[in-house]
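One letter stands for each residue in the lines below.
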Amino acid sequence: MQLLSNARIATMADESGGYGEIGQGALVIEDSRISWVGPEADLPARYAGAVRQDLGGRLVTPGLIDCHTHIVFGGDRAREFEMRLEGASYEEIARAGGGILSSVNATRAADEAALLAAALPRVDHLIAEGVTTIEIKSGYGLTVADELKMLRVARLIEARRDITVRTTWLAAHALPPEYRDDRAGYIRGVVIAGMDAGHTEDLIDAVDGFCEGIAFSREEMAAIFDHAGRLGLPVKLHAEQLSDLHGAAMAAEHGAISADHLEWLGQDGVEAMAASGTVAVLLPGAFYTLRETKLPPVQALRDAGVPIALATDCNPGTSPLTSLLLTMNMGATLFRLTPSECLAGVTRHAARALGLTDRGVIAPDLRADLAIWDVRHPAELTYRIGFNPLHSRIFGGDFV
């Protein structure tokens, strides 16, 4: 049992939108859980004998959660970044065989060891910023074997690092060239068959898809989600990034835990997400990299009470971003989220976007995943650019 004292604590348990701050606070950790949190003056006598660590007035927050990444991939797409700056659009690059498919070729060519070696430095950068939970998607293999290979690497990351990994089956990311004239065959033979195989191997925590004109239709994704439901797997969706295909509303009808991107989200999608409790995951890194101008409907989401999360969307093409702190600043600067909304977006709401109820806030009986910061006020975590004030990180009750 250990007692963290002389701390300023942002519990993030305030559903009204604040930080849930405790000015002169303390918290008690037993094993991997939080036993007590509150003003130090109110510390129960039964904890008086706990091993005490004085935090020197530092800020404590929940460990950060990156709830949308594609962090396992082969190769890079720096040349496509250059092409976009020369005037090519995302759709033009994709239709010319670039985009996702260029990462597919590099990922297929890499074995598990190579993919792991490439991914770990990216994960380490997030860990160094106080991240304790990360989501990792497949989606760059587009064969059953290569998609499962990616998720095995994701499981290896969790085994090699002090971080929780949630895996997502994203075979419905793009149509590979060998199935160009057989969309139904790809969905049946790779998306569905691979989902079954991954579920049997316990590699899949959730199912995702890219619902867009250059990817999969609303109807195709609905059929994929129906199959996920039969396996008892939660669903989420890349929706309304480039156009409004009403994918978010369809995902909400399937009880999706999140719908992500959402720049073109209409009021029907907002209302459907509010009714289902689906989290809106905003991805400012992709918005920034693609130089988009269509803002997600943040005020409509607020007005409807839809929880808003933020994530890096770390991927080689449209968001080569491995900083959740910079993501928070982008969320505020580009999308006009408040600093408290940004911190909630990478803690409480990010946990909800992954279907996790044991983390994301600092409260008794929850997992002791914490970040300790050398800052005076929680807003500094969003305000600063290119600065990492992490002092230390606690994962499952242990300083790491």
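Residues numbered from 1 in each chain as written. Predicted model: local features only at pLDDT ≥ 70, side-chain atom pairs only at ≥ 80, totals over all residues. Heavy atoms only, no water.

## Describing the packing of aromatic side chains
Going through the model one piece at a time under the given rule, you end up with four aromatic pairs. For the pair Phe73 and Tyr140, a centre-to-centre distance of 6.4 Å together with 80° between the ring planes defines the contact as edge-to-face. Taken together, the positions of Phe73 in the loop between β6 (64–66) and α1 (78–85) and Tyr140 in the loop between β7 (131–137) and α5 (144–160) put the pair 67 residues apart, joining distant regions of the chain. Residue classification places Phe73 among the buried residues on the basis of a relative accessible area of 6%. According to the relative accessible area criterion, Tyr140 is buried, its value standing at 2%. Judged by centre distance (5.3 Å) and plane angle (65°), the ring pair of Tyr179 and Tyr186 falls under edge-to-face. Take Tyr186: its relative accessible area is 0%, and that puts it in the buried class. Taken together through their ring pairs, the aromatic side chains of Tyr179, Tyr186 and Phe216 make up a single cluster. The ring centre of Trp264 lies 5.0 Å from the NZ or CZ of Lys294, which sits over that ring. Across the ring face of Phe395, the terminal group of Arg367 is positioned such that the distance to the ring centre comes to 4.6 Å. (Phe/Tyr/Trp six-rings, centres within 6.5 Å; stacked < 30°, edge-to-face > 60°. Helix = DSSP H or I, 4+ residues; strand = E, 2+ residues; numbered from the N terminus. Buried < 20%, exposed > 50% of the residue type's maximum accessible area, 1.4 Å probe, protein only. Lys NZ or Arg CZ within 6 Å of the ring centre and 35° of its normal.)

## As for the domain arrangement of the protein chain
Partitioning the protein chain into domains gives domain 1 (2–62 + 361–399) and domain 2 (64–353). For domain 1 and domain 2, the distance between their C-alpha centres works out to 30 Å. A combined buried area of about 1,900 Å² lies between domain 1 and domain 2, and 61% of that area is made up of carbon and sulfur atoms. On the domain 1 side of the contact with domain 2, Met12, Thr382 and Arg393 bury the most area, a combined 32% of that side's loss. Linking domain 1 to domain 2 there are one salt bridge. Across the pair Glu15 and Arg348 runs a salt bridge whose closest N-O atoms are separated by 3.7 Å. Counting across the interface, domain 1 meets domain 2 through nine residue pairs in polar contact (both at pLDDT 80 or more). Those elements giving two or more residues to the side of domain 1 that touches domain 2 turn out to be β5 (59–62), β14 (370–373), α15 (380–383) and β15 (390–395). Looking at the side of domain 1 that touches domain 2, the element that brings in the most residues is β15, giving four residues. (Domains from an automatic or database assignment. Buried area = accessible area lost by both parts, 1.4 Å probe. Salt bridge = Lys/Arg side-chain N within 4 Å of Asp/Glu carboxyl O. Polar contact = N/O pair within 3.5 Å; in protein donor to acceptor, adjacent residues only side chain to side chain.)

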